[in-house]
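These are the residues of each chain, in order.
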Amino acid sequence: MNFFGKDFLRILDFSEDELHYMLKVAKKFKEYKKEGKNHKFFPNKNIAIVFEKTSTRTRCSFEVAGYDLGMGVTYLDPSGSQMGHKESIADTARVLSRLYDGIEYRGFDQSIVDELARYSDVPVWNGLTDECHPTQALGDFMTIEEHFGKLNGLTVAFVGDTRNNVSNSLMAMSAKMGVNFIACGPSELKPSDAIVEKCKPIAEKNGATITVTPNLEELNGRVDVVYTDVWLSLGEPQEKWGERINLLRPYQVNKELMTRVKDTAIFLHCLPSFHDLNTSIAKDVNKNFGLNEMEVTNEVFESDKSLVFEQAENRMHTIKSVMFLTLWDSSTGLK
Ligand code: CP
Ligand code: NVA
């Protein structure tokens, strides 16, 4: 298996074995971190992390993972570069890849990160686009595998805005890992036919199914992982809150919904989450629409079933794995 010099743009670009290997290396790095073992493999490398949308977990994971690997890290926020405004994506890619050994990019259209990768001579890592969030799915599946001791044969249900970036990458990762995937949400927000058509044959090959449904009954007794995400994603207009709340309120992950699924089921969320009124956005929504909690209740979020902070930590270990594998010349082997 050779990842050296490859981009990490979407889950479907990688084989089942490659994705399993990424998880295996992430597990090794988690052990190194816990043991305090030095793993500064790249003292002479530098990376640029470019964010055109805000971030806590992804930015911090790339930074910490970069430092742990011994690298220098430059963070560029939406106002910190000329990219797209004064300089084309192609020119930015060619400049950054003269200076850096790898580039992370979070932004809007998937075509931007694809173009960046096309013109860059160094690996480009997708830190979230409107279409997908592949490093998130890796961290999620690391968490699921740690908890259940396996992946194959499990069932993940994404409940809510099932056409969003996180759901799309989870569907792809589920298909690759032989995990049944249920996208459960209103038909107005169902995943695109294109992504479902791409994932279904992969899932079938790996002995799993993909179900797209508005019916919560489909969750009854057959779900190991309940996953949800915010009802309005980064970059979507605030005016849409009313419409989204109307569509998604029945799909809130609450105690009642959790009684539908297996007793052993866990709850996951990519975060950030609106499970209380301790954020300015949640306060605004509360004032305008009267909701105290949105996609998940505080009760479920804070319950023993919720592994959301383990999941957040695993972002860093999996991102480190992706950076390591794509920057390391595998002919020299894993230390
Ligand atoms: N889950 C996730 O990507 O979080 P951030 O937006 O904080 O990076
Ligand atoms: N769907 C969310 C994920 C955030 C990590 C968004 O795009 O805002």
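In this text, all values refer to a predicted model and were calculated from it rather than measured experimentally.

## What to know about helix H1 (residues 16-35)
Given a rise of 1.5 Å per residue, 20 residues ought to cover 28 Å, and the 29 Å separating the end C-alpha atoms of H1 matches this to within 8%. Among the residues of H1, Glu16, Glu18, Leu19, Met22, Leu23, Val25, Ala26, Phe29, Lys30 and Tyr32 are the ones counted as buried. Tucked into the core, H1 has its buried residues touching helix H5 (134-148), helix H6 (165-177), helix H7 (193-205) and helix H12 (308-327). Positioned one or two residues after H1, Gly36 has a phi angle of 70 degrees, which is positive.

## Topic: unusual backbone geometry
The omega angle of the peptide bond from Leu271 to Pro272 is 5 degrees, so this bond is cis rather than trans. Even without a glycine there, the phi angle at Leu128 is positive, about 125 degrees. Along the chain, Leu128 turns up in the loop between strand E4 (124-126) and H5. Since its relative accessible area comes to 7%, Leu128 is described here as buried. Even without being glycine, Leu271 reaches a positive phi, approximately 65 degrees. Within the secondary structure, Leu271 is located in the loop between strand E9 (266-269) and helix H10 (280-289). Residue Leu271 is classed as buried on the basis of its relative accessible area, which comes to 10%.

## Focus: the site of ligand 1
All residues in the neighbourhood of ligand 1 are listed as Ser55, Thr56, Arg57, Thr58, Arg106, His133, Gln136, Cys270, Leu271 and Arg315. One nitrogen or oxygen atom from the side chain of Arg106 is found 2.9 Å from an oxygen atom belonging to ligand 1. Its atoms largely coinciding with the cavity grid, ligand 1 occupies the largest pocket.

## Some points on the site of ligand 2
Residues in close proximity to ligand 2 include Leu128, His133, Asn164, Asn165, Val166, Asp229, Val230, Ser233, Leu234 and Leu271, which together make up its full environment. In this structure, Ser233 approaches ligand 2 through a side-chain N or O atom, which is 2.7 Å from a nitrogen atom. For ligand 2, an oxygen atom lies 2.7 Å from a polar atom in the backbone of Leu234. Here ligand 2 has 270 Å² of accessible area as a free molecule, and 94% of this is covered by the chains. In this structure, ligand 2 is accommodated by the largest pocket.

## Comments concerning the pattern of salt bridges
Here the structure, examined in full by the defined rule, presents 22 salt bridges. Residues Glu16 and Lys205 are paired through a salt bridge, measuring 3.1 Å at the closest nitrogen-oxygen approach. Within this pair, whereas Glu16 is found in helix H1, its partner Lys205 is found in helix H7, the two being separated by 189 residues in sequence. We classify Lys205 as exposed; its relative accessible area is 60%. Measuring nitrogen to oxygen at the nearest pair gives 3.6 Å for the salt bridge that ties Arg222 to Glu218. For Arg222, a relative accessible area of 30% puts it in the partly exposed group. Each of the salt bridges in this network shares a partner with another, and the network as a whole consists of Asp161, Arg163, Glu236 and Arg244.

## Brief notes about the packing of H6 against H7
Contact geometry for H6 and H7: axes closest at 8 Å, N-to-C directions at 20 degrees. On the basis of their axis angle, the class for H6 and H7 is roughly parallel. At the point where H6 passes H7, the crossing takes the left-handed sense. Every residue of H7 that contacts H6 at Asn168, Met171, Ala172, Ala175 and Lys176 is listed here: Ile195, Val196, Cys199, Ile202 and Ala203. When the residues that make up the contact of H6 with H7 are grouped by side-chain class, the tally is eight nonpolar, one polar and one charged.

About the thresholds
- Residues numbered from 1 in each chain as written.
- Chains lettered and ligands numbered in written order.
- Predicted model: local features only at pLDDT ≥ 70, side-chain atom pairs only at ≥ 80, totals over all residues.
- Heavy atoms only, no water.
- Helix = DSSP H or I, 4+ residues; strand = E, 2+ residues; numbered from the N terminus.
- Expected span 1.5 Å × (residues − 1).
- Buried < 20%, exposed > 50% of the residue type's maximum accessible area, 1.4 Å probe, protein only.
- Contact = heavy atoms within 4.5 Å.
- Near = heavy atom within 4 Å.
- Polar contact = N/O pair within 3.5 Å; in protein donor to acceptor, adjacent residues only side chain to side chain.
- 1 Å grid on protein atoms, 1.4 Å probe; cavity = no way out; pocket = protein on both sides within 12 Å on 5 of 7 lines; lining within 4 Å.
- Sits in = over half its atoms within 2 Å of the grid points.
- Areas by Shrake-Rupley, 256 points an atom, 1.4 Å probe, with all protein chains shown as cover.
- Salt bridge = Lys/Arg side-chain N within 4 Å of Asp/Glu carboxyl O.
- Axes fitted to C-alpha atoms, helices over the stretch in contact; angles between N-to-C directions.
- Parallel < 35°, antiparallel > 145°, perpendicular 65-115°, else oblique.
- Left-handed = near helix turned anticlockwise from the far one by under 90°.
- Nonpolar A, V, L, I, M, F, W, Y, C, P; charged D, E, K, R; others polar.

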